[in-house]
Structure formats: C-alpha cells, structure tokens
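# Descriptive analysis of the structure
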Amino acid sequence: PALLQMSGSQPQVGRGVPCLRCRGLCTGFEPHSWRKICKSCKCSQEEHSLSSELDDDRKIGRLLSGSKYATLTARLKGGDGARIYKRNRMIVTNPNISGKDPTFDTITYEWAPPGLTQKLAMQYMELVPKELQPVAGTDGAFHRRRRLARQLPLHDQDPAQCRGLAEGEQQLMQEFVKRYKAEALGVGEVALPGQGGGGKEEEKPQEKSIDPSRAPESPNGALESTAGHYRCEACQQPVPGDCPVVYAERAGYSRLWHPACFVCCRCSEPLVDLIYFWKSGAAWCGRHYCESLRPRCAGCDEIIFSEDYQQVEGLAWHNKHFACLECETLLTGKPFALANASLLCTTCSQSR
C-alpha cells in the first residue's frame, strides 16, 4: 500500500537534496531545462540521489516488462498499469551473545539473487567485495543505486523522458528498445557450477573451453579427467564446485563467471542486479550497450536517432545541444573549447 502512494520519476524543484560530489557546496538540485545535470553545480542527477527506491523498481520493472524476464516484475494494483520490479531483498538475523542477555543483529541486503537458499545467497554475497555488498545504510547500498542510475538510465528506454527526440524519432526509439529487449537484454542467474539453467548445460563440463594441454596432471604424470573442473569466463581461474557462480542465459550455460567477475566489458563496473546486455560474445551494461549501437549526446546524455549531428574528438551532440555549458550559446560554426567532455565558448573558457 505504501508503494502505491508514490509515483513518477521526475526530479522535483527545490527538494534541497545536496550534491554528494560537491560536499554541501550545492544546497539542492536545480534541474537544467534539457541537460541531465544540476543547474547550480553542473553535477549529474545521480550525484544528488534523486530517485526513490520505488522509482528505481518501477524503472527496472519497465525495462524487464515485454521481455522474457517479465516474470521478475509484478503489476501494481490500482496504479497506472505499469509493472514494478520484484526486487529480492534479504534479511539476515544473527544472534549476538557477547553480552549477558543475547540480542540479535539484523542485516538487510537491499538486493540479493532470487531463487536461492539463504545459505547460498550469503555465499554469493561473501564473494562480492565488501564495499559493494548492498547492505542497507552502507556505501555498498549507495553504490548499487548509483550504478543503477548510471548503467540503466530511464531515458534509454522511455521516449517520454527524452528531450532530444525530433518529430518521428519516437517510433525509431520504440523499435530500438523493443529490439534490445528481444535480442540482448538478460538477467544473470546464480547457481552452483553445473547447475545453471536447472543443470541443463549446452556442453558437458569437460568440453567447456578447457585447453587439454593445460589439463591437471596426476602425480604419475597421467592426465586426470577434467570433468567437474570449471573456469571463470573472465579471469580463466578455476571455480570450485561448491562456490556459487553467475550464468548468463544469452551466453549459453557452458560459460560461467565468479560473482566479482560479472562486469561490463566496456567500463568494468559490476553489472547492477546482474542485468546485462549480450553482444559480440560479451556482457555489457545498458549504457554502453546502447552507445555501441548509436551515438550518445554529450549534452543531454540521450541516444541520438538522427543521422545529422555534431561530432568532435569521438563525442557526439544533437545539433540543438551543441552549446556552451555556461551561457548556452549555440556553437555550430563558432570557435569553442572542449573541457571534460563539455563545450565552452571562447568567452566562458577564458573566464574560467
């Protein structure tokens, strides 16, 4: 019921949310008209942590709906018909017997792999670097939210959130989203080696990309059977049979990853909630997958669907967003400076 009292994902003006990067120098988020930044401090929306947990769950629910992973979503009762992410939280209660009267310490993980026993889920968490474990109230939970905002921007899936689309480009974007949901979007599955996809491996373990020349030798020099030996797809190190691993259905169940190795092939960031996009034999985060197909505007951060845009030093801009960061003067055909992926007119550049 409490979930139904909140809706929408547009940042509010004057919320007084200080910028985390500016450490209090910016007193609150002041949205720019078309850039995804604060007008006051020029930092991104994610630095102000503007989205609520419900906003995040609605965003992932929207992403997974209409895909083969729609079972991880549920329809909101009495809402607008949208689907919400059935995020798996995990609460662990540990007895504390250090004092006279035993008490209990409760730890809440804001996300945990679904469909596992608590023991296996805890094993998984222990294989994730401690600073990235999404324990409520810790830096790990905060970093999960930031990765979610960075890797899965809402404007990469919802045309209504885009300011850079010209007339007729909404349909192009809808087709783009529909295609990546059908062809690339996936959610990793955690299981013990050999048990991914319910144990339905496409190849037997001994056939899994293991170089026979590197097969372990027994003391008498004879090659031992490689059956039961698994290697992480990323680091190529052996994986014990009793350690949970990540499987990606689109990669096939002959491949597996250590939990800490399931990262975007472009930015090397851990894939938030194991949501990946499969392309060219590798897992990508949503942001970099979309950028691998279409240019992204360095001004508004949206994917560009026009074939007519500005390009400088590997960066792209909508024509209407090729403007000075400070004074907003359009810079097409005018001299400019490029600083930290932002454009400055000569006047603003000299006054910095």
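No experiment lies behind these values; they were computed from the predicted model shown.

Each value, and the rule that gives it
- Residues numbered from 1 in each chain as written.
- Predicted model: local features only at pLDDT ≥ 70, side-chain atom pairs only at ≥ 80, totals over all residues.
- Heavy atoms only, no water.
- Helix = DSSP H or I, 4+ residues; strand = E, 2+ residues; numbered from the N terminus.
- Buried < 20%, exposed > 50% of the residue type's maximum accessible area, 1.4 Å probe, protein only.
- Contact = heavy atoms within 4.5 Å.
- Core = buried A, V, L, I, M, F, W, Y, C linked by side-chain atoms within 4.5 Å.
- Phe/Tyr/Trp six-rings, centres within 6.5 Å; stacked < 30°, edge-to-face > 60°.
- Lys NZ or Arg CZ within 6 Å of the ring centre and 35° of its normal.
- 1 Å grid on protein atoms, 1.4 Å probe; cavity = no way out; pocket = protein on both sides within 12 Å on 5 of 7 lines; lining within 4 Å.
- Points joined across faces, edges and corners; volume = space filled by probe spheres on them.
- Nonpolar A, V, L, I, M, F, W, Y, C, P; charged D, E, K, R; others polar.
- Pairing = 2+ DSSP bridges.
- Axes fitted to C-alpha atoms, helices over the stretch in contact; angles between N-to-C directions.
- pLDDT = per-residue confidence, 0-100.

### Describing the overall build of the protein
Along the protein, the regular secondary structure elements total 6 helices and 15 strands. Counting over 352 residues, the protein shows a buried share of 44%. Excluding contacts between residues fewer than 6 apart, the proportion of contacts in the protein whose partners are at least 24 apart in sequence is 49%.

### Details of the nonpolar core
Of all hydrophobic cores here, the largest spans 58 residues; its most connected members are Trp257, Phe262 and Phe277. When residues no more than four places from it in sequence are discounted, the contact partners of tryptophan 257 are Cys232, Glu233, Ala234, Val245, Val246, Ala248, Ala251, Phe262 and Trp278.

### A look at the packing of aromatic side chains
What the rule picks out here adds up to 12 aromatic pairs. Taking the centre distance of 6.2 Å and the plane angle of 75 degrees together, the rings of tryptophan 111 and tyrosine 124 count as edge-to-face. Taken as a pair, tryptophan 111 in the loop between strand 4 (103-109) and helix 2 (118-126) and tyrosine 124 in helix 2 lie far apart in primary sequence, 13 residues in all. By relative accessible area, which is 7% here, tryptophan 111 ends up buried. Take tyrosine 124: its relative accessible area is 4%, and that puts it in the buried class. Through a chain of ring-to-ring contacts, three or more aromatic side chains come together here, namely Phe176, Tyr180, Phe277, Tyr289 and Phe305. Taking the ring centre of tryptophan 284 as reference, the NZ or CZ of lysine 279 above it sits at 5.4 Å.

### Digging into empty space enclosed by the protein
A complete count under the given rule lists 2 cavities of 30 Å³ or more for this structure. Lining of the largest cavity is provided by Leu63, Gln151, Leu152, Pro153, Asp156, Gln157, Tyr180, Phe277, Gly286 and Cys290. Of the residues in the lining of the largest cavity, the class split is 6 nonpolar, 3 polar and 1 charged.

### Quick word on the pairing of strand 12 (residues 309-312)
The pairing of strand 12 with strand 13 (residues 315-318) spans 4 bridges and is antiparallel. The partner of tyrosine 309 across the bridge, within strand 13, is histidine 318. Where strand 12 folds back onto strand 13 in an antiparallel hairpin, the turn is made up of 2 residues, including glutamate 313, whose phi is positive at roughly 50 degrees.

### Some remarks on the layout of surface pockets
Roughly 330 Å³ of volume is contained in the second largest pocket. In terms of lining, the second largest pocket is formed by 21 residues, of which the most central are Tyr69, Leu72, Val187, Gly188 and Glu189. Classifying every residue of the lining of the second largest pocket gives 11 nonpolar, 4 polar and 6 charged.

### Considering the sheet that holds strand 11 (residues 282-284)
Spatial strand order, 5-10-11: 3 strands in an open sheet with antiparallel pairing. Of all strands in the sheet, those bounded by a partner on one side alone are strand 5 (185-187) and strand 11. Averaged over all neighbouring strand pairs, the angle between strand axes comes to 45 degrees, with direction disregarded. Against the sheet, helix 5 (residues 286-293) touches strand 10 (275-279) and strand 11, its axis set at about 25 degrees to strand 10.

### Re the confidence of the model for the protein
Low pLDDT marks stretches whose predicted atomic positions should not be read closely. Mean pLDDT over the protein: 83, with 82% of residues reaching 70 or higher. Low pLDDT (under 50) marks residues 1-15, which in the prediction has 21 contacts with non-local residues, meaning those over four places away or in another chain. Confidence drops under pLDDT 50 across residues 202-227; counting only partners more than four residues distant or on other chains, this segment forms 30 contacts.

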